[in-house]
Amino acid sequence: MTAAIKRPGWIRGALGAVLAAAFGVGLVVVLREISGLPIWQTEQTGYPHVVVPLITGPLGFLAGFGCFDYWLRWAAGMPTIPEDHSQHGARSWRDYFRFNTDHKVIGIQYVVTTFFFFFVGGLMAMMIRAELAQPGAQIVDASTFNGLFSTHAVLMIFVFVIPVFAGLANYVLPLMIGAPDMAFPRLNALSYWMLPIAGLLFIGSFLAPGGAFDTGWTGYAPLSTGAPLGQSFFNLGVQFAGASSIATALNFLVTIITMRAPGMNFWRMPLLVWANLSTSLLVVAATPFIAGVQFMVLLDRAVGTQFFEFAGGGDVVSYQHIFWFYSHPAVYIMMLPGFGIISEVISTHARKPIFGYRLMALALIGIVVLSYSVWAHHMFVAGMFSWLRVPMMITTLLIAVPTGIKIFSWLGTLFFGKIHTYSTAMLFALAFIVTFTIGGISGVMLGMVPIDIHVSDTYFIVAHIHFVLFGGSVFTIFAGVYHWFPKMTGRMYDERLGRVHFWGTLVGTWGTFVPMHWVGMDGMPRRVSDYAAQFGDWNLLISCFAFMLGAAQLVFLYNMVVSWRYGPRAEANPWRAKTIEWQVSSPPPIFNFDEIPRVVGGPYEFGVPGARHAIMGGEAAEAEKPEPATVGST
Amino acid sequence: MLGRLPIAKMLAATLALTAVISLVMVPINWNGEGASTAAGPIDTLLDVMIVLSAFVFSLVMVMLFYALWKFKAKPGDESDGEPIHGNTRLEVAWTVIPTIIVLFGAGYSWAVLNEIEDPAENPLKVQVFSQQFAWSFGYPGKGEAWSQGELHVPVDRQVHFKMHALDVIHSFWVPEWRIKKDNVPGITTTAIVTPDKEGTYQLICTELCGFGHATMRAKVVVESPVEFRKWVGGLEQKVPAPLMEAVVQDTETDPIGLGAGGA
């Protein structure tokens, strides 16, 4: 027993959580006693006796679980544990439930965890659509409904779309650039273990008195500063998800900049690597803003700072400025990695080099720069100073240009290729182009102030964000999961079930979200549990398609679970791709490469006679081949 | 490379598809009935955008399906495509042309924005008060008459709504007017509307404000100036003191407020 308490793991983690939470409560009691306040607070909001342990408890768990062991020993001057690689690789399913520093294990931990939250959030979407199938109240009351759509959005954004990309990249990116692991493996593991904490805080808010946070994922002050306890779960969950995100982004930046294999200059990086480089640049600079603004809300709630209370000299609209200064770049954080995935999939399955590779990479950087200058387009009717609207409109519309470059370049890649559509990944990639074009078009319309004044905060917005986030991001996630499933699991998935999933998802997405544009323009506001009878028929139709969309995801779940266990063994390179991750076995060896590969050409040299992307370790003897053609020549 | 593609035919197909989509979509009145001077320009802008969007969408569709039809690999074909890495002229084209299109859209939108927010002489000033989960309104003349849950305005006269939120943010939207503005605690926001059709409409709260958000509505009546004066004259209540305090205290953060650019 003593040994179990000393050893990092679940038992010590649970103990750490309990002790740290108790310390948190004690701290509140002592501080209130010193300040002469009643020891137990009785006001409706604040709840310091819950909020402080919600900060200390998870930290205690992380410490007990072993996330800080190495650093704490080092900081305390104790002998550090020599690296014996016992925390590397997974030999059984139990290894996925340990503190593991192997980027491939962490990648799978990320993807599985985030898909768990995807299904929980999806279940909430089903309940939302059941409630909205008819006007009037059906299954939940208005407060619960507000809690459901808020939690749905937060789960999907903070613990599904953003981290699932980090998970996929965690797995494939080091392999792609010929690195043995990420630059900071322990930090990588810590990043992962903060994620379930964030997700559990979001879901756990349903247990709080007053119910789950019900102010939307935007949590506008002062609705959020006066909301019941559940809101604090959101404020804190965002801190953990944000810290996880920032640490991962730093890790990616350092990994990409310093750990590329010899010969891989920036213009030889696969576009997935470019995409994650751009995303990480966004995350490190933007995410601190949402962490900060949620902390300000928390302080307003818990200690009465009045940042956003106009009566106390605060400014209500500034919440929105800070929030959107993160949350607009966030939509690109949720889209750029997907652009990378689509580039890999389309080039591979069209057997063609990416059309205009350099412009594709520059377009990503262009989006990063522009995305910092468009945030106030979410606030055209918010009562901010009105001169800001036109400059923000112009930058917003201009961001369509680099996005358009990407769409046309993918189409250009298809021309004169040999397009194979047997893979579900390619189907999702092609459908993504169409669906995302629609989302982009409605985005341009929303960028125009006069149209936005009319449709802002209506179902048109719901339609638009689901076209770009479901039809956009989630389609790319499916493309990525199908594309790298053989690499990650060493098994092939069932393409027939993949096709069922694809068509169900495509028809479900269009059927659900296309009519939402119409009801929104015609006068149905968003975030309502009840609506005018005239929209009843359309909403019933939307709900039917939504249930179909939900059912299609069960096919995906079944396919993934069963194929992982029983699927036929995958070969190293089932798609005949050129990038380095496909040149090692499926799944790759624990340390990725016996010998670091040498990169000698661009990543997509399909059809170029004699061209190679990389020379793998075992081929050192034949390394004297002529230097092949490089990327960018026309 | 381009020489080997039926560019003229693809362009013709794109234009044909654009025409079909436009002919189907433009006649539909997406935004519903219009009842203010802003409705016309906004709906026209939307129609222009539908045609431009139809063109972009058609271009993507024609390119995608032509490529899928023409360049699909035969079963068993393991060979690679042609090693084409790009085409500078094309890449410049699909950077420059969309830039021109969106800048045109921005300029056009700016013009529409200035048109719908152009302040007229002698507008009617109406105070709007929102709180969880009800609307009330103050009218000038005879010491600020007050109505709850029902807004009356005269037809064909510009109204400046001065908005005040008493607790959290609410948003003022009458779909037929096409105008929406948030009501923000602590500041006065302004919406400019010139109703041009008599009738009864609905005011909808469009900013999530709590459990009663979905039902936070008010009746809007647009009537002749004579009937409007009569109705206001018949109002017995005055705006209560706490609400008047908001009118005095709220800062007009954007006093010019109107006209988008350098107004």
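Residues numbered from 1 in each chain as written. Chains lettered and ligands numbered in written order. Predicted model: local features only at pLDDT ≥ 70, side-chain atom pairs only at ≥ 80, totals over all residues. Heavy atoms only, no water.

(A) Molecular detail of the overall build of chain B. Helix and strand counts for chain B stand at 5 helices and 10 strands. Relative to the compact-globule value of 18 Å for 263 residues, chain B shows a C-alpha radius of gyration of 26 Å, a clear excess of over 25%. Along the first, second and third principal axes, the C-alpha atoms of chain B reach 85 × 40 × 35 Å. The buried share among the 263 residues of chain B stands at 52%. Expressed as a percentage of contacts within chain B between residues at least 6 apart in sequence, the contacts between residues at least 24 apart total 72%. Total accessible area on chain B stands at roughly 11,600 Å², and carbon and sulfur atoms take up 63% of it. Once the 19 positive and 28 negative side-chain charges of chain B are each reduced to a mean point, those two points are 6 Å apart. (Helix = DSSP H or I, 4+ residues; strand = E, 2+ residues; numbered from the N terminus. Rg over C-alpha atoms; globule rule 2.2 N^0.38 Å. Buried < 20%, exposed > 50% of the residue type's maximum accessible area, 1.4 Å probe, protein only. Contact = heavy atoms within 4.5 Å. Areas by Shrake-Rupley, 256 points an atom, 1.4 Å probe, with all protein chains shown as cover. Lys, Arg positive; Asp, Glu negative; His and termini not counted. Charge placed at Lys NZ, Arg CZ, Asp CG, Glu CD.)

(B) Spotlight on the side chain of His-420 of chain A. Structurally, His-420 of chain A is set in the loop between α14 (400-414) and α15 (424-447). Taking the relative accessible area as the measure of exposure, His-420 of chain A reaches 11% and is therefore buried. Apart from residues no more than four positions distant in its own chain, His-420 of chain A is found in contact with His-349, Arg-351, Met-426 and Arg-576 of chain A together with Ala-73 and Asp-77 of chain B.

(C) Looking closely at the interface of chain B and chain A. Taken residue by residue, the interface counts 86 residues in chain B and 93 residues in chain A. Here chain B packs against chain A, burying approximately 7,600 Å² in sum over the two surfaces, 70% of which is carbon and sulfur. When the area that chain B buries against chain A is broken down by residue, the three leading residues are His-85, Trp-94 and Leu-208 of chain B, summing to 11%. Between the two partners, chain B and chain A, sit 4 salt bridges. The interface formed by chain B and chain A contains 19 residue pairs in polar contact (both at pLDDT 80 or more). Within the residue set of the side of chain B that touches chain A, elements represented by two or more residues are α2 (39-70), α3 (88-116), β7 (179-183) and β9 (199-205) of chain B. Class assignment of the residues belonging to the side of chain B that touches chain A gives a composition of 48 nonpolar, 22 polar and 16 charged. (Buried area = accessible area lost by both parts, 1.4 Å probe. Salt bridge = Lys/Arg side-chain N within 4 Å of Asp/Glu carboxyl O. Polar contact = N/O pair within 3.5 Å; in protein donor to acceptor, adjacent residues only side chain to side chain. Nonpolar A, V, L, I, M, F, W, Y, C, P; charged D, E, K, R; others polar.)

(D) Just a nonpolar patch on the surface, in detail. Residues and elements named next belong to chain A. A surface patch of nonpolar side chains, amounting to about 510 Å² of accessible area, comprises Phe-23, Leu-27, Val-30, Leu-31 and Ile-34. The residue Ile-34 is located in helix α2 (residues 10-34) in this model. Owing to a relative accessible area of 67%, Ile-34 belongs among the exposed residues under this scheme. (Patch = residues over 30% accessible without salt bridge, like charges linked within 9 Å, V, L, I, M, F, W, Y side chains within 5 Å.)

(E) Fine view of the confidence of the model for chain B. Residue and element names in this part refer to chain B. Residues with a pLDDT of 70 or more make up 95% of chain B, whose mean pLDDT is 91. Strand β6 (residues 170-174) holds the highest mean pLDDT among the elements of chain B, 97, whereas helix α5 (residues 241-249) holds the lowest, 86. Interface confidence for the predicted complex, expressed as ipTM, amounts to 0.94; the pTM equals 0.94. (pLDDT = per-residue confidence, 0-100.)

(F) Broad picture of the sheet that holds strand β4 (residues 150-154) of chain B. Residue and element names in this part refer to chain B. The strand order across the open sheet built from 5 strands is β4-β10-β9-β6-β7, with neighbouring strands paired in mixed fashion. Strand pairing shows two members of the sheet lacking a second neighbour, β4 and β7, which therefore form its edges. With strand direction ignored, the average angle separating the axes of adjacent strands in the sheet is 25°. Relative to strand β10 (residues 217-223), β4 runs parallel, the two being bridged by 5 bridges. Its bridge partner lying in β10, Leu-151 is registered against Val-220. Sheet contacts for helix α4 (residues 225-233): β4 and β10; angle to β4, the most-contacted strand, approximately 140°. (Pairing = 2+ DSSP bridges. Axes fitted to C-alpha atoms, helices over the stretch in contact; angles between N-to-C directions.)

(G) How the structure looks around the nonpolar core. By size, the foremost hydrophobic cluster in this structure holds 271 residues, and its most contacted members are Phe-158 of chain A together with Phe-161 and Trp-177 of chain B. The leading source of residues in this core is helix α6 (residues 142-176) of chain A, at 23 residues. Excluding residues that lie within four positions of it along the chain, Phe-161 of chain B makes contacts with Val-126, Val-128, Leu-151, Val-153, Phe-172, Trp-177, Thr-189, Thr-190, Ala-191 and Val-193 of chain B. (Core = buried A, V, L, I, M, F, W, Y, C linked by side-chain atoms within 4.5 Å.)

(H) View of the sheet that holds strand β5 (residues 159-165) of chain B. Residue and element names in this part refer to chain B. Spatial strand order, β3-β2-β1-β5-β8: 5 strands in an open sheet with mixed pairing. With partners counted over all chains shown, the strands left at the sheet margins are β3 (145-148) and β8 (189-193), one partner each. Looking at each pair of strands side by side, their axes are set apart by 25° on average, direction ignored. The sheet contact formed by strand β2 (residues 134-139) and β3 spans 4 bridges and is antiparallel.

(I) View of the environment of Ser-473 of chain A. Residue and element names in this part refer to chain A. Considering the arrangement of structural elements, one finds Ser-473 in helix α17 (residues 459-489). Taking the C-alpha atoms as reference points, Ser-473 and Val-331, separated by 142 residues in sequence, lie 9.3 Å from one another. The contact partners of Ser-473, leaving out residues within four places of it in the chain, are Val-161, Phe-165, Met-334, Met-335 and Val-468.

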